[in-house]
Amino acid sequence: MSELNQWNAQLYDKSFSYIQNMAFELIDRLSPEAGERIIDLGCGTGLMTNEIRKKGALVEGLDNDPAMIQLARERYPYIKFMCLSAAEFQTDVEYDAIFSNAALHWMKQPDLVINRIANALKPGGRFVGEMGGAGNVDTLIKSLFQALAEIGISRDEIDFPWYFPNVDEYTKLLEKGGFRVDFIQLFSRPTPLDDCANGASDWYKMFADQFLASTELKSREAVINRATYLAGKSLCKDGRWFADYTRLRFEARMIVF
Ligand code: BEZ
């Protein structure tokens, strides 16, 4: 595991736990029952996995970040955690449900991921999730693009790391994958960055690594500082930072033939 990964996992845990804390409502939508076999896809450091377990479900966590999985295993040794990408996940077990919070937007082959999920579910099994949707973190992204443009780096040079679908697009993908979509909604959720001492700057340091990785930057710090200044014009109010999150939340069920 790289040191950067380790730092990210710890920073994620310390300053970005709101991502997991905001998912309690999503667990209500999942409504896990005792004895159900469930996967928490993109489980991060395992907080939500453990919440699902508290309902009596036989839950397992899956994430492709070794540092996150290591923390999850240390914290919840009684839960099985798998270090693997969703696109590679194959199983003979038939699960009752797959849950995913704030992870699917990192998976840029959504059709393949939906296919893997469908294969892991039993007929009638549920897929309940929430991810960044169309328009997510627009101001944060535009500010970063502008800061890069000012030092001569164009959008074409950036390997955009995220997938933020709209309702129609994701509904079609789910239906193509064999699901009936019972609920899907795109909504704006300005998210306070209260645990980030440096507001958007910490957000960029945590999440924009991949965004900046494809460029040769003389000063990553200077780009982040400039993007933070630009983003602050609309995202920082009376010293309080809000990330401009837009969520796509859904509940789907494998069609029974
Ligand atoms: C999100 O949860 O929407 C998100 C988190 C990190 C990077 C991009 C989006």
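Right above here is the structure, for reference.
Here is a short report on the structure shown in this document. Since the model is a prediction, treat every value here as computed from it, not as a measurement.

Let us now look at the overall build of the chain. Helix and strand content of the chain: 11 helices and eight strands. In the chain, which comprises 257 residues, the share counted as buried stands at 54%. Considering only contacts within the chain whose residues lie at least 6 apart along the sequence, 75% involve residues at least 24 apart. Accessible area for the chain stands at about 12100 Å²; split by element, carbon and sulfur atoms hold 48% of it.

Once that is clear, we can look at helix 5 (residues 66-75). An α-helix turns once every 3.6 residues. As a result, residues three or four positions apart point the same way. The complete set of buried residues in helix 5 reads Ala67, Met68, Ile69, Leu71 and Ala72. Where helix 5 starts, the residue carrying a side-chain oxygen 2.9 Å from the main-chain nitrogen of alanine 67 turns out to be aspartate 65.

What follows is about the site of the ligand. Close contacts around the ligand come from His105, Trp106, Asn136, Trp162, Phe164, Trp203, Phe207, Tyr245 and Arg247, and that covers them all. Relative to its unbound accessible surface of 260 Å², the ligand loses 98% to contact with the protein. Looking at the shell around the ligand, the elements with two or more residues in it are helix 9 (200-207) and strand 8 (240-254).

The next point concerns helix 7 (residues 138-150). For helix 7, spanning 13 residues, the distance from its first C-alpha to its last is 18 Å, which sits close to the expected 18 Å at 1.5 Å a residue. Where the residues of helix 7 are buried, they touch helix 9, helix 10 (209-213), helix 11 (220-235) and strand 8. Glycine 152 sits one or two residues past helix 7 and shows a positive phi near 85 degrees.

Turning our attention to the packing of helix 6 (residues 110-120) against helix 8 (residues 167-176). One way to put it is that helix 6 packs onto helix 8 with a least axis distance of 9 Å and a crossing angle of 45 degrees. By the angle class used here, helix 6 and helix 8 are oblique. Our pair here, helix 6 against helix 8, has a crossing hand that is right-handed. Judged by residue contacts, Pro110, Asp111 and Ile114 of helix 6 engage Tyr170, Leu173 and Leu174 from helix 8. In terms of residue class, the contact of helix 6 with helix 8 is built from five nonpolar, no polar and one charged.

What follows deals with the pairing of strand 3 (residues 80-83). Pairing of strand 2 (residues 58-63) with strand 3, which is carried by four bridges, proceeds in the parallel orientation. Among the inter-strand pairings, aspartate 63 is bridged to a residue of strand 3, identified as cysteine 83. Taken together, strand 2, helix 5 and strand 3 constitute a β-α-β crossover, and its handedness is right-handed.

Once that is clear, we can look at the packing of aromatic side chains. If you walk through the whole model with that rule in mind, you get 14 aromatic pairs. Judged by centre distance (6.2 Å) and plane angle (40 degrees), the ring pair of tryptophan 106 and phenylalanine 207 falls under tilted. Of the two residues, tryptophan 106 sits in the loop between strand 4 (95-101) and helix 6 while phenylalanine 207 sits in helix 9, which places them 101 residues apart along the sequence. Look at tryptophan 106 and you get partly exposed, because its relative accessible area is 31%. By relative accessible area, phenylalanine 207 is classed as buried at 10%. Taken together, a centroid distance of 5.3 Å and an interplanar angle of 50 degrees make the contact between tyrosine 170 and phenylalanine 250 tilted. With tyrosine 170 in helix 8 and phenylalanine 250 in strand 8, this residue pair connects regions lying 80 residues apart in the sequence. For the residue pair tyrosine 170 and phenylalanine 250, the accessibility class agrees, reading buried in each case. Site record: aromatic cluster; members linked through ring pairs are Trp106, Phe160, Trp162, Phe164, Trp203, Tyr204 and Phe207. The side chain of arginine 29 reaches across the aromatic face of phenylalanine 183, ending 3.7 Å from its centre.

Membership of the largest hydrophobic core comes to 29 residues, with the highest contact counts inside it found for Leu140, Leu144, Leu148, Trp203, Tyr204 and Phe211. At the level of elements, helix 7, helix 9, helix 10, helix 11 and strand 8 are the ones that each hand at least two residues to this core. Residue contributions to this core peak at six residues, all from helix 7. The residues touching leucine 148, leaving out its near neighbours within four places in the chain, are Ile153, Ile158, Phe211, Leu212, Leu217 and Val223. Counting 28 residues, the second largest nonpolar core, distinct from the first, contains Tyr95, Ile98, Ala103 and Leu248.

Definitions and cut-offs
Residues numbered from 1 in each chain as written. Predicted model: local features only at pLDDT ≥ 70, side-chain atom pairs only at ≥ 80, totals over all residues. Heavy atoms only, no water. Helix = DSSP H or I, 4+ residues; strand = E, 2+ residues; numbered from the N terminus. Buried < 20%, exposed > 50% of the residue type's maximum accessible area, 1.4 Å probe, protein only. Contact = heavy atoms within 4.5 Å. Areas by Shrake-Rupley, 256 points an atom, 1.4 Å probe, with all protein chains shown as cover. Polar contact = N/O pair within 3.5 Å; in protein donor to acceptor, adjacent residues only side chain to side chain. Near = heavy atom within 4 Å. Expected span 1.5 Å × (residues − 1). Axes fitted to C-alpha atoms, helices over the stretch in contact; angles between N-to-C directions. Parallel < 35°, antiparallel > 145°, perpendicular 65-115°, else oblique. Left-handed = near helix turned anticlockwise from the far one by under 90°. Nonpolar A, V, L, I, M, F, W, Y, C, P; charged D, E, K, R; others polar. Pairing = 2+ DSSP bridges. Right-handed = clockwise from strand over helix to strand, strands pointing away. Phe/Tyr/Trp six-rings, centres within 6.5 Å; stacked < 30°, edge-to-face > 60°. Lys NZ or Arg CZ within 6 Å of the ring centre and 35° of its normal. Core = buried A, V, L, I, M, F, W, Y, C linked by side-chain atoms within 4.5 Å.

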